[in-house]
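# Report on the structure
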Amino acid sequence: MTSSRKPIVVVGSINMDLVARTPKTPVPGQTVIGTEFTTTPGGKGANQAVAVARLGYPVQMVGMVGEDVFGQTLIDQLKAASVGVEGVAKVPGPSGIASILVAPGGQNSIVVIPGANHKVDPAYIEQKKALITAAGMVLLQLELPMETVVYTIEMCSKAHVPVMLDPAPAMQLDEKVWTQSAWFTPNQTETAFYLGTKLEPETAARELLMRGLKGVVLKRGSEGTYVAVAGGKAAWVRPFPVETVDTVGAGDCFNGAFAVQLMEGKDRWSAALFASAAAALSTTKRGAQASMPTREEVESLLAHNR
Ligand code: RIB
């Protein structure tokens, strides 16, 4: 590893995840007795940053936490994972939290209360411009205000820094997002939201590329990943069968690992295969940031599944 590598910068959310494991997801009006409760660091942005750091690649986080009981712990956890926190500010009010239910089989449902994440405004992004535009790649998600996401994308576009956008949670997007993002990485639910209907992955990827995107990665869980680029070949990348206990943060793990491999000069197929293995491993442990695998773990899974 050389220190001259341009860092990955994640501009995104930092949450405390309040996770309840439950034998079944309650329907409206129903109460169920759960089996376990944990408080563990998360947030799509922070998870992606930790995924990058665990793989040994330099990464900086840009975002905000609150001056509450969670704020300092969230920053300390990022530091402990070797994520740079020069771009993380503590602001009055609560930190972002996510209320998460994990059902048997590891599937999850999440409600996010943005807290400090929604104080990350364009003026703050402007303050952090030097950090952001020094990046080799910027990773974004949609847990910050949309105007902040758009502002960051435009800043990166002017500075020729590629952006990987994880369009989660799904919401209406500004036109500039389609034309100025290098990679767009929705899961199955998000793909259906953005297209307004469920389509086969091959058709869905084509339709998304027609909106001006350069590259699309459709994250399809146990089906695998479909990778397509404008004017290039498209193909499936296989999933890795593992014993899943918790899928929280698996999509974030994929994005972090995919970005690392692209930054290391790998082609999109090798990068997606590596990221698919990393994401699979992340589902074998509980927690979001806590489950991000090391490079050795990913390489070992790849070696055993040639
Ligand atoms: O992608 C998983 C993440 O979504 C959780 O860690 C939670 O904080 C929400 O942001």
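Refer to the structure printed above.
Residues numbered from 1 in each chain as written. Predicted model: local features only at pLDDT ≥ 70, side-chain atom pairs only at ≥ 80, totals over all residues. Heavy atoms only, no water.

Around the ligand sit 13 residues in total, of which Asp 17, Gly 43, Lys 44, Glu 143 and Asp 252 are the nearest. Between the ligand and the protein, one listed contact pairs an oxygen atom with a side-chain N or O atom of Asn 15 at 3.0 Å. With respect to the ligand, the side chain of Glu 143 contributes an N or O atom lying 2.7 Å from an oxygen atom. Calculation on the ligand without its partners gives an accessible area of 280 Å², and the protein chains cover 95% of this total. Taken together, the elements giving at least two residues each to the shell around the ligand come down to strand 2 (15–21), helix 1 (44–54) and strand 7 (108–113). Of the residues belonging to the shell around the ligand, the class tally is four nonpolar, five polar and four charged. (Near = heavy atom within 4 Å. Polar contact = N/O pair within 3.5 Å; in protein donor to acceptor, adjacent residues only side chain to side chain. Areas by Shrake-Rupley, 256 points an atom, 1.4 Å probe, with all protein chains shown as cover. Helix = DSSP H or I, 4+ residues; strand = E, 2+ residues; numbered from the N terminus. Nonpolar A, V, L, I, M, F, W, Y, C, P; charged D, E, K, R; others polar.)

Let us look at the sheet that holds strand 9 (residues 163–165). On the basis of which strands lie adjacent, the open sheet formed by nine strands has the order 5-4-1-8-9-10-11-12-13 and mixed pairing. Each edge of the open sheet is held by one strand with a lone partner, namely strand 5 (84–91) and strand 13 (235–237). Of the pairings in the sheet, the one linking strand 12 (residues 225–229) to strand 13 comprises three bridges and is antiparallel in character. What sits directly across from Tyr 226, in strand 13, is Trp 236. Its contacts with the sheet put helix 9 (residues 250–263) on strand 1 (8–11), strand 8 (137–140), strand 9, strand 10 (183–184), strand 11 (215–219) and strand 12, and the angle it makes with strand 8 is roughly 170°. (Pairing = 2+ DSSP bridges. Contact = heavy atoms within 4.5 Å. Axes fitted to C-alpha atoms, helices over the stretch in contact; angles between N-to-C directions.)

Counting 53 residues, the largest nonpolar core has Ile 8, Met 61, Val 83, Trp 183 and Phe 258 as its most contacted members. Sorting elements by how many residues they give to this core places helix 10 (residues 268–282) first, with nine residues. Counting residues in each nonpolar core, the second largest holds 40 residues, with Ile 125, Met 155, Val 216 and Tyr 226 among its members. (Core = buried A, V, L, I, M, F, W, Y, C linked by side-chain atoms within 4.5 Å. Buried < 20%, exposed > 50% of the residue type's maximum accessible area, 1.4 Å probe, protein only.)

This paragraph deals with the side chain of Thr 283. As for its placement among the helices and strands, Thr 283 is situated in the loop between helix 10 and helix 11 (295–304). Within polar-contact distance, the side chain of Thr 283 engages the backbone oxygen of Ala 280 at 2.7 Å. In this structure Thr 283 touches Val 242, Glu 243, Thr 244, Val 245, Asp 246, Thr 247 and Ala 250, once residues within four positions along its chain are discounted.

Attention shifts here to the packing of aromatic side chains. All chains considered together, the criterion is met by seven aromatic pairs. Through a chain of ring-to-ring contacts, three or more aromatic side chains come together here, namely Trp 178, Phe 184, Phe 193 and Tyr 194. Between the NZ or CZ atom of Arg 238 and the centre of the ring of Phe 240, over which it lies, the distance is 4.4 Å. (Phe/Tyr/Trp six-rings, centres within 6.5 Å; stacked < 30°, edge-to-face > 60°. Lys NZ or Arg CZ within 6 Å of the ring centre and 35° of its normal.)

All right, on to helix 2 (residues 71–80) then. Listed as buried for helix 2 are Gly 71, Leu 74, Ile 75 and Leu 78. Mapping the buried residues of helix 2 onto a view down its axis gives an arc of 95°, with all of them on the same face. Tucked into the core, helix 2 has its buried residues touching strand 2, strand 3 (36–42), helix 1, strand 4 (59–66) and strand 5. Phi turns positive, to about 70°, at Ser 82, one or two residues after helix 2. (Arc of directions from axis to C-beta.)

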